[in-house]
Amino acid sequence: MADTTTTPNTLATSKSGANTGTHAATGKTVIDDTVVSKVAGIAAREVNGVHSLGNGAARAIGAIRDAIGQRDHGQGVKVEVGEKQVAADITIVAEYPVKLQQVAEGVRSSVSRALEQIVGMEVAEVNVTVQDVFIPGDDDEDDDKKESRVA
């Protein structure tokens, strides 16, 4: 989990020296690993050429979750969160005929930027695995050509 410790702010004073009452409390912020995974997953999905995230089994479960309105934004993302750094492993399905290296670099860049800006941690590495390539219409044609086995 990502931990952030805040330091006490001094009270702001007006020109007359009076206390304006703007005092921030001290404390600890904990960002759960699942939140970090979701941020990385959302950032990866925003890259052009990414069809979906996760391996075959994760996508099958994801399709069921999508059908009941429970989308898992962290699907296909594994993160390792330290005290100051985070590392992410992203598994993607790319759209055909995109350049796979460009898509992977886009995912790395998008995920790194999101984790630094939103989570506020340094990104040690983002590994991208291209698990599959989605060919539009390929799945639809197979369904049309199959004949029913039962009457």
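Just so it is clear, the structure is predicted and the values come from calculations on it, not from any experiment.

With that out of the way, let us pick up the overall build of the chain. When you go through the chain residue by residue, the secondary structure sums to 4 helices and 6 strands. Each helix (α) and strand (β) of the chain, taken in turn from the N terminus, gives the series β-β-α-β-α-β-β-α-β-α. Across the 151 residues of the chain, 28% fall into the buried class. Long-range contacts, defined as pairs at least 24 residues apart, comprise 68% of the intrachain contacts of the chain with a sequence gap of at least 6.

As a further point, take the environment of isoleucine 90. Relative to the elements of secondary structure, isoleucine 90 occurs in strand E5 (residues 85-95). You can call isoleucine 90 buried: its relative accessible area is 1%. In this structure the C-alpha to C-alpha distance between isoleucine 90 and valine 130, which are 40 residues apart in sequence, comes to 8.6 Å. Isoleucine 90 has contacts with Ala40, Ala44, Leu53, Gly76, Val77, Val107, Val111, Val126, Asn127, Val128 and Thr129, leaving out every residue within four places of it along the chain.

With 20 residues, helix H3 (residues 100-119) should cover 28 Å at 1.5 Å per step; its first-to-last C-alpha distance of 27 Å lies within 8% of that length. The set of residues buried in H3 consists of Val103, Ala104, Val107, Ser110, Val111, Ser112, Ala114, Leu115 and Val119. On its buried face, H3 is in contact with strand E2 (27-31), helix H1 (33-45), strand E3 (50-53), E5 and strand E6 (122-134). The positive-phi residue at the C-terminal boundary of H3 is glycine 120, with phi of around 80°.

Moving on, we get to H1. Given a rise of 1.5 Å per residue, 13 residues ought to cover 18 Å, and the 18 Å separating the end C-alpha atoms of H1 matches this to within 8%. Listed in full, the buried residues belonging to H1 are Val36, Ser37, Val39, Ala40, Gly41, Ala43 and Ala44. In this structure, the buried side of H1 is in contact with E2, E3, strand E4 (77-81), E5 and H3.

Cut-offs applied
Each chain carries its own residue numbering, running from 1 in the written order of its sequence. Note on the predicted model: pLDDT of at least 70 is required for a residue's local features to be given, and 80 or more for side-chain atom pairs to be given and counted; whole-chain, interface and lining totals, by contrast, use all residues. The side-chain quantities take in all heavy atoms of the structure and omit both hydrogens and water. Each helix corresponds to a stretch of at least 4 residues labelled H or I by DSSP, and each strand to a stretch of at least 2 residues labelled E; elements are numbered beginning at the N terminus. Accessible area is worked out with a 1.4 Å probe on protein chains only. A residue is then buried under 20% of its type maximum, exposed over 50%, and partly exposed in between. Any two residues whose heavy atoms approach within 4.5 Å are treated as being in contact. For a helix, the expected span equals 1.5 Å multiplied by the number of residues minus one.

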